[in-house]
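What follows is the residue order along each chain.
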Amino acid sequence: MAGTKTLLMLENFIDGKFLPCNSYIDSYDPSTGEVYCRVPDSGKAEVEAAVEAARAAFPAWSSRSPRERSQVLRRLADLLEESLEELAQAESKDQGKTITLARTMDIPRSVENFRFFASSILHHTSECTQMDHLGCLHYTVRTPVGIAGLISPWNLPLYLLTWKIAPAIAAGNTVIAKPSELTSVTAWMMCKLLEKAGVPPGVVNIVFGTGPRVGEALVSHPEVPVISFTGSQPTAERITQLSAPHCKKLSLELGGKNPAIVFEDANLEECIPTTVRSSFANQVRSYIKKARAEGAQILCGEGVDKLSLPSRNQGGYFMPPTVITDIKDESCCMKEEIFGPVTCVVPFDSEEEVIKRANSVKYGLAATVWSSSVGRVHRVAKKLQSGLVWTNCWLIRELNLPFGGMKSSGIGREGAKDSYEFFTEIKTITIKH
């Protein structure tokens, strides 16, 4: 029929092959609100096929030396980098973030994830002790766990998917990954590069679909002993319940309500632009209605400024950057993670007060502190209940160091040493001589 749009059709990637599915989910272009892609609505059968493929691939892949696995990861990083512009365009269209952000952060950091873990896997050491009086030598070795189940979120699709895949396969595991059904396109595109990079069939399997169907089948499968998840707290609670009978290793990176603390001696020329970016980087109108009902003031944005859009984008998921003031700490806008361009600005009088208020939320993923006093930034950073504290900067990552949250922001840490330890099992060997 004339004028009918051709939809992008994704397929699962299992045992090195693209496989169709019996049913599909509509995926929408957030800039227009129209369906542009169909994502497999997979279930237990597809997960079982992926487990069989991962199981068969594990002996050979885990037997390769770290250097051999490192070379494969480096080739995959190079191929992703060669496709950077294509991947950035796809990420922007699928997720709704700006093309500039996808081009300068999401895809380059996805590339760097593979390069970093390709290098770090070559530099881990083991422990060794001696008991001369008993004639014994003790040392440790680490071995891959087996099949890793990886579940990544919608907001940083390829970035966080590769952050999980890279250390898992570098350590010798095989993986089954479930990207968010809302943002699956770049994961599917990456699968096209795996064979060329030298990734053997079955080492990386991608099963698309929803949490209740694919996610639950994956985390409850007895042959998947390790689960790495990034997402919401309610989903993490469900994962914990399903995995408990099997005593699985869990890494749960959950939400955050990250305070940005600006002291009177902050360098505002650096602070304001960076804080604006950090506040409005994500793409929720109910929160603003609640804030207004609670007596808060909406300085600009939703309900104050009219959003003018081209006709083709009228059905898209847009809202203006919104600033809320005169809001109580108990408000849901101050307590809950808002995935939208909304920020709350509230004053404080003392260092002790702002630390107490910042720590009053149930989350503890990250925080930022702005001050020209070296003593103050050290003092405040130490007292904040956050897994990561940026001072006079934002979103600068050192991949060698741990990343993860406190309190309701999750369990476990990720990074060079932490990811390696998570995706391996340690054993102590004693030799009497």
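These numbers were taken from a predicted model, which means no experiment stands behind them.

The rules we used
Residues numbered from 1 in each chain as written. Predicted model: local features only at pLDDT ≥ 70, side-chain atom pairs only at ≥ 80, totals over all residues. Heavy atoms only, no water. Helix = DSSP H or I, 4+ residues; strand = E, 2+ residues; numbered from the N terminus. Rg over C-alpha atoms; globule rule 2.2 N^0.38 Å. Areas by Shrake-Rupley, 256 points an atom, 1.4 Å probe, with all protein chains shown as cover. Lys, Arg positive; Asp, Glu negative; His and termini not counted. Charge placed at Lys NZ, Arg CZ, Asp CG, Glu CD. Core = buried A, V, L, I, M, F, W, Y, C linked by side-chain atoms within 4.5 Å. Buried < 20%, exposed > 50% of the residue type's maximum accessible area, 1.4 Å probe, protein only. Contact = heavy atoms within 4.5 Å. Pairing = 2+ DSSP bridges. Axes fitted to C-alpha atoms, helices over the stretch in contact; angles between N-to-C directions. Salt bridge = Lys/Arg side-chain N within 4 Å of Asp/Glu carboxyl O. Parallel < 35°, antiparallel > 145°, perpendicular 65-115°, else oblique. Expected span 1.5 Å × (residues − 1). Polar contact = N/O pair within 3.5 Å; in protein donor to acceptor, adjacent residues only side chain to side chain. Right-handed = clockwise from strand over helix to strand, strands pointing away. Phe/Tyr/Trp six-rings, centres within 6.5 Å; stacked < 30°, edge-to-face > 60°. Lys NZ or Arg CZ within 6 Å of the ring centre and 35° of its normal.

### Details of the overall build of the protein
- For the protein, the helix and strand inventory stands at 14 helices and 22 strands.
- By the compact-globule yardstick of 22 Å for 433 residues, the protein fits well, its C-alpha radius of gyration being 23 Å.
- Along the three orthogonal principal directions, the C-alpha set of the protein runs to about 75 × 75 × 40 Å.
- Accessible surface, the protein: about 20600 Å² in total, of which carbon and sulfur atoms supply 55%.
- Where the 47 positive side-chain charges of the protein centre and where its 48 negative ones centre are 2 Å apart.

### Things to note about the nonpolar core
- The biggest cluster of nonpolar side chains holds 63 residues, and the ones touching the most others in it are F114, I165, I169 and V204.
- If you tally residues by element for this core, the top one is helix α5 (residues 157-170), at ten residues.
- Setting aside its immediate chain neighbours within four residues, I165 contacts F114, L150, A177, M190, V204 and I206.

### Overview of the sheet that holds strand β14 (residues 297-300)
- Across the sheet, three strands lie side by side as β14-β15-β16; this open sheet has mixed pairing. Looking at which strands have only one partner, the edges of the open sheet turn out to be β14 and β16 (342-344). Averaged over all adjacent pairs, the angle separating strand axes in this sheet is 30 degrees, with direction ignored.
- With three bridges joining them, strand β15 (residues 322-325) and β16 adopt parallel strand pairing. Bridge assignment links I324 to a residue of β16, and that residue is C344.

### Brief notes about the pattern of salt bridges
- Following the criterion strictly, the structure yields 19 salt bridges and no others.
- Residue R38 pairs with D26 through a salt bridge whose shortest N-O separation is 3.1 Å. In this pair, R38 sits in strand β5 (residues 34-40) while D26 sits in strand β4 (residues 24-29), placing the two residues twelve residues apart along the sequence.
- Here E302 makes a salt bridge to R285, at a shortest N to O gap of 2.9 Å. Residue E302 is found in the loop between β14 and β15, and its partner R285 is found in helix α10 (residues 285-293); the two are separated by 17 residues along the sequence.

### A few points about the packing of helix α3 (residues 84-95) against helix α6 (residues 185-197)
- Two elements in contact, α3 and α6, have axes whose closest approach is 9 Å; the angle formed by their N-to-C orientations is 155 degrees. In terms of axis orientation, α3 runs roughly antiparallel to α6. Contact residues: E86, L87, A90, E91 and D94 in α3; V185, T186 and M189 in α6.

### Topic: α6
- Across its 13 residues, α6 extends 19 Å between first and last C-alpha, which sits within 8% of the 18 Å expected from 1.5 Å per residue.
- Of all 13 residues in α6, ten are buried, a share of seventy percent or more.
- By the burial criterion, the buried members of α6 are V185, T186, A187, W188, M189, M190, C191, L193, L194 and A197.
- Of the residues one or two after α6, G198 is the one with positive phi, at around 95 degrees.

### Let's talk about the side chain of S27
- In this fold, S27 is placed in strand β4.
- Overall, S27 belongs to the buried group, its relative accessible area being 3%.
- In this view, S27 contacts E34, V35, Y36, C37, V39, D94, E181 and L182; residues no more than four positions away in its chain are not counted.

### Re the side chain of T183
- With respect to the helices and strands, the residue T183 is situated in the loop between β9 (174-178) and α6.
- The exposure class of T183 is buried, given its relative accessible area of 4%.
- At 3.2 Å, the side chain of T183 and the backbone oxygen of W154 are in polar contact.
- The residues touching T183, leaving out its near neighbours within four places in the chain, are D94, Q95, P153, W154 and P157.

### Considering the pairing of strand β12 (residues 249-253)
- As defined by bridge partners, strand β11 (residues 226-230) adjoins β12 across five bridges and the pair is classed as parallel. Within β12, the position partnered with I227 by the bridge is L250.
- Traced from β11 through helix α8 (residues 233-243) to β12, the parallel crossover comes out right-handed.
- Of the pairings in the sheet, the one linking β12 to strand β21 (residues 410-411) comprises two bridges and is antiparallel in character. Residue pairing in the sheet places E253 in a bridge with G410 of β21.

### What to know about the packing of aromatic side chains
- Taken as a whole and judged by the stated rule, the model has six aromatic pairs.
- Judged by centre distance (5.1 Å) and plane angle (85 degrees), the rings of F116 and F117 are edge-to-face. As far as the burial class goes, F116 and F117 line up, both buried.
- Grouping aromatic residues by their ring pairs yields a cluster made of F116, F117 and W163.
- The positively charged end of K290 is found above the aromatic ring belonging to Y287, 5.8 Å away from the centroid.

### Focus: the sheet that holds β5
- Spatial ordering of the open sheet is given by β1-β5-β4, a layout of three strands whose pairing is mixed. Edge strands, defined here as strands with exactly one partner in the open sheet, are β1 (8-9) and β4.
- Note: β1 against β5, two bridges, orientation parallel. Across the sheet, the residue bridging to M9 is R38, located in β5.

### Considerations on the pairing of strand β18 (residues 366-370)
- Within β18, five of the five residues are buried, leaving the element largely enclosed by the surrounding structure.
- Side-chain alternation along β18 places A366, T368 and W370 on one buried face and A367 and V369 on a second face that is also buried.
- Of the strand pairs in this sheet, strand β13 (residues 260-262) and β18 are connected by three bridges, and their pairing is parallel. By the bridge assignment for β18, V262 is matched with W370.
- In this sheet, strand β19 (residues 388-391) lies alongside β18 in parallel orientation, the contact comprising four bridges. When the bridges of β19 are listed, T368 appears paired with W390.
- In this view, the connection linking β18 to its parallel neighbour β19 by way of helix α13 (residues 374-383) has right-handed handedness.

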